[in-house]
Protein chains: 2
Amino acid sequence: SIVPTTSYLKDNNNKQKKSEHDIKKLIHSTKVGISLVLVSLLYILNPLFDQVGENAMWAIMTVVVIFEFNAGATLGKGFNRGIGTIVGGGLGCLAATLAQKIGGVGNSIFIGSSVYILGSCATYFRFVPRIKKRYDYGVVVFMLTFNLVVVSGARPGLKVWEIARERLLNILIGFIVAICVNLFVFPTWASDELHDSLVERFHHLANTIQGCIEECSKSVKEKENQPDTSFTVCKSVLNSKSKDESLANFAKWEPWHRKFGFSYPWEKYLKMGEVLRELAALVLALQCCIHASKKPTESLKQCETIGSKVVWTLREVGDSMKQMRKCEERDSIIAKLKTTREELSLVTSTSMIEEFENDERLAIASLVFLFMEVVEKVGELVIEVGELQDVAGFRTRVTPVSM
Amino acid sequence: SIVPTTSYLKDNNNKQKKSEHDIKKLIHSTKVGISLVLVSLLYILNPLFDQVGENAMWAIMTVVVIFEFNAGATLGKGFNRGIGTIVGGGLGCLAATLAQKIGGVGNSIFIGSSVYILGSCATYFRFVPRIKKRYDYGVVVFMLTFNLVVVSGARPGLKVWEIARERLLNILIGFIVAICVNLFVFPTWASDELHDSLVERFHHLANTIQGCIEECSKSVKEKENQPDTSFTVCKSVLNSKSKDESLANFAKWEPWHRKFGFSYPWEKYLKMGEVLRELAALVLALQCCIHASKKPTESLKQCETIGSKVVWTLREVGDSMKQMRKCEERDSIIAKLKTTREELSLVTSTSMIEEFENDERLAIASLVFLFMEVVEKVGELVIEVGELQDVAGFRTRVTPVSM
């Protein structure tokens, strides 16, 4: 039969993905180790240490803190750290020089109040949603640097500007080491991860709907014996929002990626993720429905044909996303989904439903209704995908289609 | 009428909540400012500076990095930083002393390879889900401290143990300042936030279901003129998972909280959040249904009564959660929900549905079916709440109830 084969393929696919991910983790760990050794050379090699001295610790700190799993996160953190250090250090130096000029008790009061005011304001600033989303780490670094630099104004005779310059230089070294190793040695891209996870969700939902159709023709006993794995797929799709948002955020920092390039419409991915979540909620309700219906509902043959059309559409659209080609047959798909929906409402005209018992009848009617809603949502999704493909400039490929 | 009044109250309530949250933000910002000034005194006041010297920067760094919005996050980060520093510093000192004893080229090789091995292993360790969830920051600090300390082994004659001791002392000072200010000056508790947000969701879903019932009796025109706010409530409930998890994680660090105390069953909150999300998915489908039905469905009067029972149950259970008292009438609620469900299936027996047109009939049937599913899910929720109330030892209060 076809079911064990697909589930075998699925298992195999999952295993392969898992081992791929494990290899990526190993590579990442090795990369971190290498960068740390590189940056430790500032301490270990005498000629280098004579140049930078104790300040080499700032280079080490930078590497540990900004080296993240994917390129976008590392770039974003590095950029935040750089800007935060420059602005915080500059302001701090100014305040410190001023404090040194004031001298006496005024010096301490000036430093204390500037620490208080900038610390509070920066913390409040971190609550602004736009800042929190992309520049949170930069503001923290700003606070830290400003504070560390301004207090040195309390020590008369300290060459504030020189210290700041040397620390900045070391942070720059750490930044360069981290970025080079992260981006040029087997890089992991957030943009790839977001793209793949979106494509995967199309196929996951398609499989789940197919599972629903197969379940329709089973008896209650068979249903009870079966493990309840299909719910988990829908739920993982439903819980994808926060991961999507952070990945999209990182992807925006990756302008050098071969596939996606500058100003790629990542916002559209978030929108599509939203529609996929709505679809998942409907599929979840559909599954509830099927679990509630007690008899095999084989008489709804039409439902099956229509369901498999929906499954086909989801897979087709998912594949076109995966290959980043335009889904040429988009308009015809939408038209077909529309007729599908109408057919579905005809299926249930009068006689069909009357066959069932009272309690059963409700479940069947809802089943059909929810299927209609699913068809509509898939149509919405196809439109959304089409818009992305237009905006992102996917290439076209003409293929003969049969639905 | 009652609708404008409730919406007015809701608006007022939201405004109050918003301003409360704004005040909390302001207080938090002020607290950060105060802690920074306190810790900067190590630099500013001469007698203190003579004691700690340049190492005071570690105290400042600790305050900036561990001071978080709620007490649990601050405690967790502080604890992680402390343990990470102690373990990393200890191991680093050992390795550095060993390296100093080896001397020559062997010294550099030993330091380089220990940096590489511990850096890679710690990074790989960060991928373990349990570690990632609670101790991620601790591992980062471990890596950083080990690295900073071990490289000083490359400089012969450096008193490694003394440097480590002084840095640890300063980190301790920073930790104490941050914890004291965070916990003893108007603290914000993650446990409160999680508890309140859960209670809020009960009421939000109750309001949404009430909105559904009211919508049933409206014509299409009225529906179209209305802003589509109800979907957003369900979606915010659906997207609550990651926030719940991080709050529960923080709440576990807050054993000193007056209301909750040690080993409070936060896992149950996550379980309840899951059921609430399933309920929200059903309510979302219900809303789709209502939007699809074209005529006012006033004839389903029974649906209305039953719906309001569900709303009442959700509110009652939510209130009992809010006041942390046992919902005494739990068993009677469950029994009533069961009869409600049976009534609901009778509602639709034969004659009822026949009145409607073909297309309409489907929507109505699904409406009733989904209502039944909602009733069942609410029953599940009541059981879940009951279990929590038993485990957490909520107090009892006998009140006469009428449903």
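Residues numbered from 1 in each chain as written. Chains lettered and ligands numbered in written order. Predicted model: local features only at pLDDT ≥ 70, side-chain atom pairs only at ≥ 80, totals over all residues. Heavy atoms only, no water.

Participant: Before we go on, may I ask you to explain the interface of chain B and chain A in this structure?
Facilitator: Think of interface size as the accessible area that goes away when the parts come together; that is how it is often given. Contact with chain B, which involves 75 residues of that partner, is made by 76 residues of chain A. Summed over both sides, the interface between chain B and chain A buries roughly 6,500 Å², with carbon and sulfur atoms accounting for 69% of that surface. Along the contact surface separating chain B from chain A lie four salt bridges. Two residues, Glu274 of chain B and Lys235 of chain A, come together in a salt bridge whose shortest N-O distance is 3.7 Å. Inspection of the chain B/chain A interface yields nine residue pairs in polar contact (both at pLDDT 80 or more). The biggest single contributor to the side of chain B that touches chain A is helix α1 (residues 2–44) of chain B, with 14 residues. (Contact = heavy atoms within 4.5 Å. Buried area = accessible area lost by both parts, 1.4 Å probe. Salt bridge = Lys/Arg side-chain N within 4 Å of Asp/Glu carboxyl O. Polar contact = N/O pair within 3.5 Å; in protein donor to acceptor, adjacent residues only side chain to side chain. Helix = DSSP H or I, 4+ residues; strand = E, 2+ residues; numbered from the N terminus.)

Participant: Is there a simple way to explain the confidence of the model for chain A in this structure?
Facilitator: Caution applies to low-pLDDT regions: their predicted coordinates should not be interpreted in detail. Per-residue confidence for chain A gives a mean pLDDT of 83, with 85% of residues at or over 70. Within the model, pLDDT remains below 50 along residues 1–5 of chain A, and this stretch shows one contact once partners closer than five positions in the same chain are excluded. (pLDDT = per-residue confidence, 0-100.)

Participant: Looking at this structure, how should I read the packing of aromatic side chains?
Facilitator: According to the stated counting rule, one finds 22 aromatic pairs over all chains in the structure shown. Centre to centre, the rings of Phe69 of chain A and Phe127 of chain B are 5.4 Å apart; their planes meet at 75°, and the pair counts as edge-to-face. In this pair, Phe69 of chain A is assigned in the loop between α3 (56–66) and α4 (71–102) and Phe127 of chain B in the loop between α5 (104–125) and α6 (129–134), connecting two distinct chains. Each member of the pair, Phe69 of chain A as well as Phe127 of chain B, carries the same accessibility label: buried. Just above the ring of Tyr137 of chain A sits the side chain of Lys77 of chain A; from NZ or CZ to the centre is 5.0 Å. (Phe/Tyr/Trp six-rings, centres within 6.5 Å; stacked < 30°, edge-to-face > 60°. Buried < 20%, exposed > 50% of the residue type's maximum accessible area, 1.4 Å probe, protein only. Lys NZ or Arg CZ within 6 Å of the ring centre and 35° of its normal.)

Participant: Where do I start with the relation of the copies chain B and chain A in this structure?
Facilitator: Two chain copies, one operation linking them: a rotation about an axis together with a shift along it. The transformation that overlays chain B on chain A combines an axial shift of 0.0 Å with a rotation of 180°, and the residual RMSD is 0.1 Å. Viewed as a symmetry operation, the transformation between the two copies matches a two-fold axis. Proximity to the rotation axis, assessed at the C-alpha, singles out Ser366 of chain B in chain B; its C-alpha lies 2.1 Å from the axis. A share of 100% of the interface residues of chain B reappears at the interface of chain A, consistent with the copies meeting face to face through the same patch. (Least-squares fit on C-alpha atoms with pLDDT ≥ 70 in both.)

Participant: Can you walk me through the nonpolar core in this structure?
Facilitator: The nonpolar side chains of soluble globular proteins are, as a tendency, buried together. Ranked by internal contacts, the top residues of the largest apolar core, which has 128 residues, are Phe202 and Met321 of chain A together with Phe202 and Met321 of chain B. If sequence neighbours within four positions are ignored, Met321 of chain B has contacts with His195, Leu198, Val199, Phe202, Tyr269, Met272, Val385, Leu388, Gln389 and Phe394 of chain B. (Core = buried A, V, L, I, M, F, W, Y, C linked by side-chain atoms within 4.5 Å.)

Participant: Honestly, unusual backbone geometry in this entry has me stumped. Any pointers?
Facilitator: Of all residues except glycine, most have a negative phi; of all peptide bonds, most are trans. All names here are of chain A. With phi around 55°, Met324 is a residue other than glycine that occupies positive phi space. Within the secondary structure, Met324 is located in the loop between α14 (301–322) and α15 (330–347). Taking the relative accessible area as the measure of exposure, Met324 reaches 12% and is therefore buried.

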